[in-house]
Amino acid sequence: MNDKQHTIKAPVTVRGVGLHTGAEATMTFCPAPVGHGYKFQRVDLPGQPLVDADVDNVVDLSRGTTIEQNGARVNTVEHTLAALVGLQLDNVLIQLSGPEPPIMDGSAAEFIKALHTVGFEEQNARRNYYEIPDTIRYLDNARGVEIAALPLADYRLTVMVDYNSPVLGSQHATLTDIAQFEHEIASSRTFCFLHELEHLYKSNLIKGGDLSNAIVVVDRVVGEHELDELAAMLGKPKVSVKKEGILNNVDLRHKNEPARHKLLDLVGDLALVGRPLKGQILAARPGHAANVAFAKRIKKKMLEDRTSPVPMYDPAREPVMDINRIMQVLPHRYPFLLLDKVIHLDATSVTAVKNITMNEPFFQGHFPGNPVMPGVMQIEAMAQTGGILVMNTVPDPENYWQYFLGIENARFRKKVLPGDTIVFHCQLTAPIKRGIAKMKGQAFVNGKVVCDAEMSAAIVRKDNV
């Protein structure tokens, strides 16, 4: 799995009709900055409102996942989001000229093909994974649905479907490596049963449905009169089917294509938690309603865990910023540069590391014979960590100074000694307004908080000083 965040190198556009609305739409994938995530933009509406791909914005689950925000609605987002997750893209703006992404061929393959034409760009920030900490379950006994997420240092999914159908029977689909999504899952098309087709049309759905973008499973004997009615409904001169099988005898791309498409939908719906996942997902008979309910449980757990973050530090992983990059952002130099590397950086938080050795210059005069890192130096290192975060919010940091305005509620909880590695974590507590940033900082040694404080800083252009 990728460690760094990625976006695309240039905009790329696809066009077509929406599956359920039948509306023509142009959809353009655009590059986006670190920490942006996935956002849709209805460019056809006044003000071109944004809609975050967030499970809290889901408003309808009628045969697809629909999100709404700022008075704008986007239908059937799951295939688009699945393509982005499958390519391990983190930050993309999706501009849409209508209410629904084009259905294309009913899978995610055409989106992936288009995205590959512009290529991908690594960004200078770690991916903000949410690692499933313990088992999370969703159960719907009435529908026979069960979904579970288990801890795993990877992202794997297994889906089982059973429609009591002589055509499909019981099917399984498994994805053991998200990097294989585009080859193993992306081309699997959406499907429905013949008995659902007429109901969907009467419900004013699948207006853009066609035998070229959806599989229709026929699990009973159909007479010629009914086939003629189906042809008229679909706007076709004629449709046909074997005794039991697929309408118009369409060849499946995979023997278990329906199960693979359900896995595709699950990947897309779980993207709505807002962060890439690490965990093992097991799903029996999933659907959009269950997927979204399960995503809400993951997000709830994610938010609960965020209240007491303990940053994980793996010294073997490449940092977001090494010491040379840090010195390009911060004006501090020896002996007052108190960070060694930055291991995480996004729009609202930063994590940095400082290795404490007996060679630190302050040990010469601070408690000789009993070396303890001064609390004020811990606060200074935390402030420098916050400075990295603050300077990340301006497009040209070399033209700015950051000055700290206040430090409040500072607490020192444990001694920091030579040989310790301190992990500093700073998080914005409010959006930056008029150049003023407010943040909460914590310092950890061996997973335990050694100090914390609330800080505020000002961003000032150098030519205004």
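Residues numbered from 1 in each chain as written. Predicted model: local features only at pLDDT ≥ 70, side-chain atom pairs only at ≥ 80, totals over all residues. Heavy atoms only, no water.

A.B. asks: I'd like a description of the packing of aromatic side chains, backed by residues and values.
C.D. replies: The full count for this structure, using the stated rule, is 2 aromatic pairs. Taking 6.1 Å as the distance between ring centres and 70° as the angle between the ring planes, the aromatic pair formed by Phe 29 and Phe 111 counts as edge-to-face. Remark: Phe 111 occurs in helix H2 (residues 109-118) and Phe 29 occurs in strand S3 (residues 24-31); sequence separation between them is 82 residues. Each member of the pair, Phe 29 together with Phe 111, is buried. Between the aromatic rings of Phe 362 and Phe 363, the centroid separation amounts to 4.8 Å while the plane-to-plane angle is 65°, which identifies the pairing as edge-to-face. Per residue, the accessibility class of Phe 362 equals that of Phe 363, and both read buried. When the ring centre of Tyr 400 is taken as reference, the NZ or CZ atom of Arg 461 above it lies at 5.0 Å. (Phe/Tyr/Trp six-rings, centres within 6.5 Å; stacked < 30°, edge-to-face > 60°. Helix = DSSP H or I, 4+ residues; strand = E, 2+ residues; numbered from the N terminus. Buried < 20%, exposed > 50% of the residue type's maximum accessible area, 1.4 Å probe, protein only. Lys NZ or Arg CZ within 6 Å of the ring centre and 35° of its normal.)

A.B. asks: With reference to specific residues and values, describe the pairing of strand S4 (residues 38-42).
C.D. replies: Among the 5 residues of S4, 5 are classified as buried, and the element is accordingly described as predominantly covered. Residues Tyr 38, Phe 40 and Arg 42 point to one face of S4 and Lys 39 and Gln 41 to the other, with burial holding for every one of them. Pairing of S4 with strand S9 (residues 92-96) involves 5 bridges; the strand directions are parallel. Residue pairing in the sheet places Phe 40 in a bridge with Ile 94 of S9. (Pairing = 2+ DSSP bridges.)

A.B. asks: If you had to explain the sheet that holds strand S2 (residues 12-17) to someone new, which residues and values would you point to?
C.D. replies: Across a sheet, paired strands are connected by hydrogen bonds in the backbone, their directions being either parallel or antiparallel. A sheet is described by the order of its strands in space; here 5 strands give the open sequence S2-S3-S9-S4-S5, paired in mixed fashion. Both outer strands of the open sheet, S2 and strand S5 (50-52), are each paired with one neighbouring strand and no more. Adjacent strand axes in the sheet meet at a mean angle of 25°, parallel and antiparallel pairs treated alike. For S3 and S9, the ladder comprises 5 bridges, and the chain directions are antiparallel. Residue pairing for S9: Cys 30 is matched across the bridge by Leu 93. Against the sheet, helix H1 (residues 78-86) engages S3, S4 and S9, with an angle of about 145° to S4. (Axes fitted to C-alpha atoms, helices over the stretch in contact; angles between N-to-C directions. Contact = heavy atoms within 4.5 Å.)

A.B. asks: Break down the side chain of Arg 260 for me, with residues and values.
C.D. replies: Mapped onto the elements, Arg 260 comes out in helix H6 (residues 257-270). Apart from the residues lying within four places of it in its own chain, the contact partners of Arg 260 are Ala 173, Glu 184, Ile 185, Ser 188 and His 254.

A.B. asks: Describe in detail the sheet that holds strand S8 (residues 72-74), supporting the description with residues and values.
C.D. replies: The strand order S6-S7-S8 describes an open sheet built from 3 strands, whose pairing is antiparallel. In the strand order of this sheet, the two ends are held by strand S6 (58-60) and S8, each with one partner. Each strand of the sheet is rotated relative to its neighbour by a mean of 40°, with strand direction disregarded. Pairing analysis gives 3 bridges linking strand S7 (residues 66-69) to S8, with the strands arranged antiparallel. Across the sheet, Gln 69 pairs through a bridge with Ala 72, a residue of S8.

A.B. asks: Any details on H1? Residues and values, ideally.
C.D. replies: In terms of burial, H1 is a largely internal element, 9 of the 9 residues being buried. Where H1 is concerned, the buried positions are Glu 78, His 79, Thr 80, Leu 81, Ala 82, Ala 83, Leu 84, Val 85 and Gly 86. Of the residues one or two after H1, Gln 88 is the one with positive phi, at around 55°.

A.B. asks: Account for the packing of H1 against H2, with residues named and values stated.
C.D. replies: Two numbers describe how H1 lies on H2: the axes approach to 9 Å, and their chain directions differ by 45°. Considered as vectors, H1 and H2 are oriented oblique to each other. The handedness of the crossing between H1 and H2 comes out as right-handed. Contact residues: His 79, Thr 80, Ala 83 and Leu 84 in H1; Phe 111, Ile 112 and Leu 115 in H2. Broken down by class, the residue content of the contact of H1 with H2 amounts to 5 nonpolar, 2 polar and no charged. (Parallel < 35°, antiparallel > 145°, perpendicular 65-115°, else oblique. Left-handed = near helix turned anticlockwise from the far one by under 90°. Nonpolar A, V, L, I, M, F, W, Y, C, P; charged D, E, K, R; others polar.)

A.B. asks: Outline the side chain of Asn 291, listing residues and values.
C.D. replies: Following the sequence through the fold, Asn 291 ends up in helix H7 (residues 288-306). Those residues within four positions of Asn 291 in sequence are excluded, and the remaining contacts are Ile 147, Asp 265, Leu 266, Asp 269, Leu 270 and Pro 286.

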